[in-house]
Amino acid sequence: MDFTTETDGCSSTFFKDLSPKPMLDEQENIGEDPDGERLSHAELKDVFQKALEPLLKNDPILSDLHPQVTLEEVSALIEVEHGRAVTVFIEKVDGGHWSVVVPREATVLDLKRALKNHVALSLSRRNIKKKISWRYIWKNNILCYNSVQLSDLSAHILDYGINNKSTLTFSK
């Protein structure tokens, strides 16, 4: 079946996809390795990760991503590249830092939630099963930017002057 439409004096034809559906035997081959053995979900996931890792390493934009990248991380990186999100560095007490991506119009509360999610993902990737009391952390510490405390949770980060690649610190 085809559909013809006319736009600005030009006609174009759209063909409905009438390709035959794969037979049952063809569907079974989807989760098989080259030797014809069936792969479990975990094995298929490992094969995919091994194929994805060199692609990420060789790409100039995606090389910053972890080999076990999530869709959210890729989407966030795309948003940063388009200027719709910012990367905020948060200094840790041990001298390291976390890099958290938030939308440009994010509030301080959004930033705190993004940090919580980032830390949880980081710990799970290292197989560390540790419970962090964020209530305790936020009760005893506050985020600061240029010595200004980010105390208003509903304030936008742009109101504090936080831009892409800004560095925040913890203060007691």
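Residues numbered from 1 in each chain as written. Predicted model: local features only at pLDDT ≥ 70, side-chain atom pairs only at ≥ 80, totals over all residues. Heavy atoms only, no water.

Per an unreviewed UniProt entry, the protein goes by SNRNP25 ubiquitin-like domain-containing protein and derives from Meganyctiphanes norvegica.

Caption draft 1: Geometry of the overall build of the protein. Across its full length, the protein carries five helices and seven strands. From first element to last, N terminus to C terminus, the protein shows the α and β order β-β-α-α-α-β-β-α-α-β-β-β. Put simply, the protein has 172 residues, and 22% of those count as buried. A fraction of 40% describes how many contacts in the protein between residues 6 or more apart in sequence connect residues 24 or more apart. When the accessible area of the protein is evaluated, it comes to approximately 12900 Å², of which 54% is carbon and sulfur surface. (Helix = DSSP H or I, 4+ residues; strand = E, 2+ residues; numbered from the N terminus. Buried < 20%, exposed > 50% of the residue type's maximum accessible area, 1.4 Å probe, protein only. Contact = heavy atoms within 4.5 Å. Areas by Shrake-Rupley, 256 points an atom, 1.4 Å probe, with all protein chains shown as cover.)

Caption draft 2: Inspection of the sheet that holds strand E6 (residues 148-149) at higher detail. The five strands are arranged E4-E3-E7-E5-E6 in an open sheet whose pairing can be described as mixed. Lying at the two open borders of the sheet, with one neighbouring strand each, are strand E4 (97-103) and E6. Note that strand E5 (residues 142-145) and strand E7 (residues 166-171) share three bridges and pair antiparallel. Paired with Ile-142 across the bridge in E7 is Ser-171. Along the sheet, helix H4 (residues 108-125) makes contact with strand E3 (85-91), E4, E5 and E7, crossing E4 at roughly 130°. (Pairing = 2+ DSSP bridges. Axes fitted to C-alpha atoms, helices over the stretch in contact; angles between N-to-C directions.)

Caption draft 3: Representation of the pairing of E4. Of the two faces of E4, the one holding Trp-98, Val-100 and Val-102 is buried and the one holding His-97, Ser-99, Val-101 and Pro-103 is not buried anywhere. Sheet topology places E3 next to E4; seven bridges connect them, and they run antiparallel. Looking at the pairing, Val-86 lines up with Val-102 of E4. Between E3 and E4, which follow one another and run antiparallel, lie five residues, and Gly-95 among them has a positive phi close to 100°.

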